[in-house]
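In case you want the letters, here they are:
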Amino acid sequence: MTLPSPFLVVSYTLPVQASGTPVIVRNLLENFSPLEVVLIGRTPRLGNKLSMSALKYPVIRIPSPPVGVRGDRYWMLIAAVMGIFTGLMAIKRYGLKSIVAVFPDEGALLTGYWLHKLTSLPFYPYFCDLYQERPRLSWQKNLANWLQPKVFSAATRIIAVNDGMADYYRERYGIEPLSLPTCINQPPLSVINSRPAGQPFIIGYSGNVVTARLDTIQALVRAIAGKPEYEIRYFTAQSQDELEKYGVWADNARLAFAADKNELVRYLQDCDVLYLPLTFVQDNEERDQLATCFGIKSYEYLVSGRPVLVHCPSEYYTARFFLERECGYVVDELNDDAVLNALKTLRADSHLRQRLVQNAFLAASEFHGAKIADRLRTELIKHGSEKFK
């Protein structure tokens, strides 16, 4: 099944970063031919970028400074305006027939909304995060309060990045979103049976250390600090100095970075267990965001062939996913001893580790890239058929 006409993706940046939403966009679009999709986005932030040659479809830069420069939240608005002209030129040049605008950046959402209003093309806002429900400051909060209802009203269909977020939109707003999770495009590299626990027992963590994971990672570090039988390996672009400032460094910590996803999975396979934390510290505005998220590293972990240690409240979608599929060991309390006891259990029980890995491979099959991409194709064809004629 292929689209009769190509669609436009409005992204906040070209999808060449090694983490975050660019990974979601890149993995999805790898499943479309160059004749099916065109992407516009801002210049990516400096450092740790993948090669642009990996993108096989047309990519057009929105004229603006790179993402992440000083004053970026204001540049975002300028880029949103410039994106209108970039998008209109792309629509005319390539004969684009629908618009997918990717959020966690209101600039891309705003550009997509304006392009829809100017062209009347079917409009699919793709929410990779909650928007209006999240805490924001001053004018950005006012913008969110204005823009989200407009987008919801104009959308041909809302797209949510996981089933937890889709449930949230269904229950809170009474809408029926399309669930479009992150694609897993590479098969599990290998199934490793009965691997003995390493000496030391290596705990892997991929991605940046951020506030939404800080208290749990600090608990892990406290639990294993001074214990040479354990080692934590950070696969991140952050430096040791940054990790020390966050209070998550120890003598038995190691640091590496892999921009290539296959290389990262191979690094993860050298670990004994993979750590998937989310914070227990939350206020009312943050809780919905934490309860509905399912981080990129979750998908990487599922295909790694290593058991996953999930550390977050049990009511979060992340915990529910791993518990329901029995593909991860969940610690649902912020307690150093509880984390250490979980590590001891996983270290001692090879049958448990193997069962978790086998179930993780089954869970990963839910996110097969071609299958997820076909959900979007079907949606674009169904609702855009009149536009395609």
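Residues numbered from 1 in each chain as written. Predicted model: local features only at pLDDT ≥ 70, side-chain atom pairs only at ≥ 80, totals over all residues. Heavy atoms only, no water.

**What about the pairing of strand β4 (residues 99-103)?**
The criterion, for reference: Using a 1.4 Å probe on the protein chains alone, a residue whose accessible area is under 20% of its type maximum counts as buried, one over 50% counts as exposed, and one in between counts as partly exposed. The helix and strand labels rest on DSSP assignments: H or I over at least four residues marks a helix, E over at least two residues marks a strand, and numbering proceeds from the N terminus. A pair of strands is labelled paired if DSSP reports no fewer than 2 bridges between them. Handedness of a crossover: with both strands directed away from the viewer, a clockwise path from the first strand across the helix to the second marks it as right-handed.
Across the 5 residues of β4, 5 count as buried, placing the element largely inside the fold. Taking every second residue as pointing to the same face, both faces of β4 are buried, with Ile99, Ala101 and Phe103 on one and Val100 and Val102 on the other. Strand direction decides the pairing type here: strand β1 (residues 7-13) and β4, joined by 3 bridges, are parallel. Each bridged residue has a counterpart across the sheet, and for Leu8 the counterpart in β4 is Ile99. Direction of pairing for β4 relative to strand β5 (residues 123-127): parallel, over a ladder of 5 bridges. When the bridges of β5 are listed, Val102 appears paired with Tyr126. The handedness of the β4 to β5 crossover, carried by helix α3 (residues 106-119), is right-handed.

**A word on the packing of helix α12 (residues 336-348) against helix α13 (residues 350-364)**
As a reminder, the rule being used: Throughout, an axis means a line fitted to C-alpha atoms (over the contacting stretch in the case of helices), and angles, computed between N-to-C directions, take values from 0 to 180 degrees. If an angle is under 35 degrees, it is roughly parallel; if it is over 145, roughly antiparallel; if it lies from 65 to 115, roughly perpendicular; otherwise it is oblique. Residues count as neighbours in contact if any of their non-hydrogen atoms are within 4.5 Å of one another. Throughout, the ten residues Ala, Val, Leu, Ile, Met, Phe, Trp, Tyr, Cys and Pro are labelled nonpolar, Asp, Glu, Lys and Arg are labelled charged, and all others, Gly among them, are labelled polar.
For the pair α12 and α13, the least separation of the axes is 5 Å and the interaxial angle reads 95°. Classed by the angle they form, the pair α12 and α13 counts as roughly perpendicular. Between α12 and α13, the residues in contact are Thr345, Leu346, Arg347 and Ala348 and Ser350, Leu352, Arg353 and Leu356, respectively. The residue inventory of the contact of α12 with α13, partitioned by class, reads 4 nonpolar, 2 polar and 2 charged.

**A short note on helix α11 (residues 317-324)**
Every buried residue belonging to α11 is among Tyr317, Thr318, Ala319, Phe321 and Phe322, and all of these are buried. Taken from the residues just after α11, Glu326 is the one with a positive phi, measuring 50°.

**Let's talk about the sheet that holds strand β10 (residues 253-256)**
Note on sheets: strands pair through backbone hydrogen bonds, and any given pair is parallel or antiparallel. Spatially, the 6 strands line up as an open sheet ordered β10-β9-β8-β11-β12-β13, and their pairing is parallel. Looking at which strands have only one partner, the edges of the open sheet turn out to be β10 and β13 (329-331). Each adjacent strand pair in this sheet contributes to an overall mean axis angle of 25°, direction not counted. Pairing analysis gives 4 bridges linking strand β9 (residues 230-235) to β10, with the strands arranged parallel. Looking across to β10, one finds that Tyr234 is bridged to Leu255. Docked against the sheet, helix α6 (residues 211-224) engages β8 (201-206), β9, β11 (273-277) and β12 (308-311), running at close to 140° with respect to β11. Contacts between α12 and the sheet are confined to β8, β9, β11, β12 and β13, with β13 contributing the most and set at about 165° to the helix.

**Notes on α3**
At 3.6 residues per turn, the α-helix brings residues three or four places apart onto the same side. Note the cut-off: By this rule the span expected of a helix is its residue count minus one, scaled by 1.5 Å.
In this model, α3 (14 residues) spans 20 Å end to end at C-alpha, consistent with the 20 Å of a helix rising 1.5 Å per residue. For α3, the tally of buried residues reaches 10 of 14 residues, placing the bulk of the element in the interior. Next to the buried residues of α3 lie β1, α2 (72-94), β4, β5 and α4 (138-154). A positive phi of about 65° marks Ser120, the residue just after α3.

**Points about the sheet that holds β4**
Reading across from one edge, β3-β2-β1-β4-β5-β6-β7 is the order of the 7 strands in this open sheet, with parallel pairing throughout. A strand with exactly one partner marks an edge of an open sheet, and here the two such strands are β3 (59-61) and β7 (178-179). Sheet topology places strand β6 (residues 159-160) next to β7; 2 bridges connect them, and they run parallel. Pairing of Ile159 across the sheet is with Leu178, part of β7.

**Topic: the nonpolar core**
To be explicit about the condition: Only buried residues count toward a nonpolar core, which is a set of Ala, Val, Leu, Ile, Met, Phe, Trp, Tyr and Cys residues joined through side-chain atoms within 4.5 Å.
Residues Phe7, Leu29, Tyr126 and Phe127 are the most contacted members of the largest nonpolar core, which totals 69 residues. With 6 residues, the top contributor of residues to this core is α4. In this view, Phe7 contacts Leu29, Phe32, Glu36, Val37, Val38, Leu96, Ser98, Val100, Leu376 and Leu380; residues no more than four positions away in its chain are not counted. Listed in part, the 62 residues of the second largest apolar core include Ile232, Phe235, Ala258 and Leu356.

**Digging into the side chain of Asn359**
Just so we agree on the cut-off: Pairs of N or O atoms within 3.5 Å make up the polar contacts considered here, provided that, within protein, one atom can donate a hydrogen while the other can accept it, and that residues adjacent in sequence are counted only when both atoms are side-chain atoms.
Mapped onto the fold, Asn359 is located in helix α13. A polar contact of 2.7 Å, which involves the side chain of Asn359, links it to the backbone oxygen of Glu326. Not counting residues up to four positions away in its chain, the partners in contact with Asn359 are Arg325, Glu326 and Cys327.

**Side note on the pattern of salt bridges**
Between side chains of opposite charge, a pair can form as their charged atoms come close. We count it as follows: Take a side-chain nitrogen of Lys or Arg and a carboxyl oxygen of Asp or Glu: if they are within 4 Å of each other, that pair is a salt bridge.
For the structure shown, the criterion picks out 13 salt bridges. Across the pair Asp288 and Arg172 runs a salt bridge whose closest N-O atoms are separated by 3.6 Å. Of the two residues, Asp288 sits in helix α9 (residues 284-292) while Arg172 sits in helix α5 (residues 163-173), which places them 116 residues apart along the sequence. On the basis of relative accessibility, which here comes to 47%, the residue Arg172 falls in the partly exposed class. In this structure, Lys382 and Glu379 form a salt bridge, with 3.8 Å as the shortest nitrogen-oxygen distance. Here Lys382 and its partner Glu379 are both found in helix α14 (residues 369-388), 3 residues apart, which amounts to about one turn of the helix. For Lys382, a relative accessible area of 51% translates into the label exposed. Bridged by salt links that share partners, the residues Glu36, Asp374 and Arg377 form one connected network.

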